[in-house]
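Observations on the three-dimensional arrangement
Listed below, chain by chain, are the residues.
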Amino acid sequence: ITASRGTIYDRGGNILAISATAETVFLSPLELAEELADEETTWTADFLAENLGRILDVNPESILQKMERTYSQYEVVKLRAEEAVANEVRTFLNENDIRGVYLVTDAKRYYPYSTLASHIVGFVGTDNTGLYGLEARYEEALEGQTGLVVTARDNAGNDMLYAYEKYYGAANGNDLVLTIDTTVQYYLESGLAELVDKFEAAEGATGIVINVNTG
């Protein structure tokens, strides 16, 4: 159960980084092989790969390769698909009665101000772990604690004769409030970019923000 990563704000409460709900699409090659072996199945592997590839903007050939790993029950097709895309996948699966492809709730990181203060805020990797800047520096505070649902299965992934399930809830990450002001930061970065271009500063430039009355 994915924990929601903490939000990063500027001093005025403007959001510099936030996590929103997305859905990861994965397939179970083992289940798909069983479905395709069933004479009543009306769809083919090519049909599934072509349509999933079209909806998710993924190479259909890579999907077919994942489907060949029939020893596996978990092959990721698309990490953190947008809600509209995930809904389109869900509709496609339901309309064609396809079993063996699943969607699980995940989180995706967004930066509303794009590259503004990006060298300070940093960014996360594909696993939502901070790799640079404050995202990395305050990883432990921002990441939260992932939850789990533990169930009993046999070695083939089937439910056991007795029911067992235990739920461990996720704990969301802490928020981070910076001393940065997005408006001041915008004018600083714009001014620097203009001067770098004007004077052809090959090694870049550095700017500071101070109180002109006190330094």
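Rules of the game
Residues numbered from 1 in each chain as written. Predicted model: local features only at pLDDT ≥ 70, side-chain atom pairs only at ≥ 80, totals over all residues. Heavy atoms only, no water. Helix = DSSP H or I, 4+ residues; strand = E, 2+ residues; numbered from the N terminus. Buried < 20%, exposed > 50% of the residue type's maximum accessible area, 1.4 Å probe, protein only. Polar contact = N/O pair within 3.5 Å; in protein donor to acceptor, adjacent residues only side chain to side chain. Contact = heavy atoms within 4.5 Å. Axes fitted to C-alpha atoms, helices over the stretch in contact; angles between N-to-C directions. Parallel < 35°, antiparallel > 145°, perpendicular 65-115°, else oblique. Left-handed = near helix turned anticlockwise from the far one by under 90°. Nonpolar A, V, L, I, M, F, W, Y, C, P; charged D, E, K, R; others polar. Phe/Tyr/Trp six-rings, centres within 6.5 Å; stacked < 30°, edge-to-face > 60°. Arc of directions from axis to C-beta. Expected span 1.5 Å × (residues − 1). Salt bridge = Lys/Arg side-chain N within 4 Å of Asp/Glu carboxyl O.

Some words on the side chain of glutamate 23
- By secondary structure assignment, the location of glutamate 23 is in strand E2 (residues 15-27).
- Of the residues examined, glutamate 23 reaches a relative accessible area of 13% and is grouped as buried.
- In this structure the side chain of glutamate 23 is engaged in a polar contact, spanning 2.5 Å, whose partner is the side chain of arginine 90.
- If we skip the residues at most four places from it in the chain, glutamate 23 touches Lys78, Arg80, Ala81, Ala86, Arg90, Leu103, Val104, Thr105 and Asp106.

A few points about unusual backbone geometry
- Even without being a glycine, serine 114 presents a positive backbone phi close to 55°.
- Looking at where serine 114 falls in the secondary structure, it is placed in the loop between strand E4 (101-110) and helix H5 (118-121).
- In this structure serine 114 comes out as exposed when scored by relative accessible area, which is 54%.
- In this model, glutamate 200 sits at a positive phi of 50°, which is unusual for a non-glycine residue.

Here's the deal with the packing of helix H2 (residues 45-56) against helix H4 (residues 83-95)
- Look at H2 against H4: their axes get within 9 Å of each other, and the N-to-C directions meet at 160°. On the basis of their axis angle, the class for H2 and H4 is roughly antiparallel. For the pair H2 and H4, the crossing hand works out as right-handed. Counted together, Phe47, Leu48, Asn51, Leu52, Arg54, Ile55 and Leu56 of H2 and Val85, Glu88, Val89 and Phe92 of H4 form the full contact between these two elements.
- Its residues placed into classes, the contact of H2 with H4 shows eight nonpolar, one polar and two charged.

Quick look at the packing of aromatic side chains
- Under the defined criterion, the tally for this structure stands at five aromatic pairs.
- Aromatic pair phenylalanine 47 and phenylalanine 92: ring centres 5.7 Å apart, planes at 40°, arrangement tilted. Taken together, the residues phenylalanine 47 in helix H2 and phenylalanine 92 in helix H4 connect sequence positions 45 residues apart.
- Overall, the relative accessible area of 32% leaves phenylalanine 47 in the partly exposed class.

Overview of helix H3 (residues 60-67)
- Taken as a whole, H3 has its buried residues at Pro60, Ile63, Leu64, Lys66 and Met67. One face of H3 carries all of its buried residues, which in axial projection span an arc of 160°.
- Of the surrounding secondary structure, the elements contacted by the buried residues of H3 are E2, helix H1 (29-37), H2 and strand E3 (75-81).
- Two to three positions downstream of the cap, the backbone nitrogen of glutamate 61 sits 3.0 Å from a side-chain oxygen, assigning the N-cap of H3 to asparagine 59.

Here's the deal with H4
- The end-to-end C-alpha distance of H4, which contains 13 residues, comes to 18 Å, matching closely the 18 Å that a straight helix rising 1.5 Å per residue would cover.
- Close packing links the buried residues of H4 with E2, H2 and E4.
- Positive backbone phi, approximately 50°, marks aspartate 97, located one or two places after H4.

Quick word on the pattern of salt bridges
- Per the counting criterion, the structure on display carries 10 salt bridges.
- The salt bridge involving arginine 99 is made with glutamate 35; its shortest N-O contact spans 3.8 Å. One end of the pair, arginine 99, is in the loop between H4 and E4; the other, glutamate 35, is in helix H1, and 64 residues separate them in sequence.
- With a shortest N-O distance of 2.8 Å, glutamate 75 and arginine 69 are connected by a salt bridge.
- The exposure class of arginine 69 is partly exposed, given its relative accessible area of 30%.

Quick word on the environment of asparagine 213
- Position of asparagine 213 among the secondary structure elements: in the segment after helix H8 (182-199).
- Assessed through its relative accessible area of 72%, asparagine 213 is described here as exposed.
- In this structure, the C-alpha to C-alpha distance between asparagine 213 and threonine 182, residues 31 residues apart in sequence, is 21 Å.

Topic: the environment of asparagine 158
- Relative to the helices and strands, asparagine 158 resides in the loop between strand E7 (148-151) and strand E8 (165-168).
- In the structure, asparagine 158 is positioned 92 residues away from lysine 66 in sequence and 21 Å away in space, judged by C-alpha atoms.
- For asparagine 158, the contacting residues outside a window of four places in its chain are Ala152 and Arg153.

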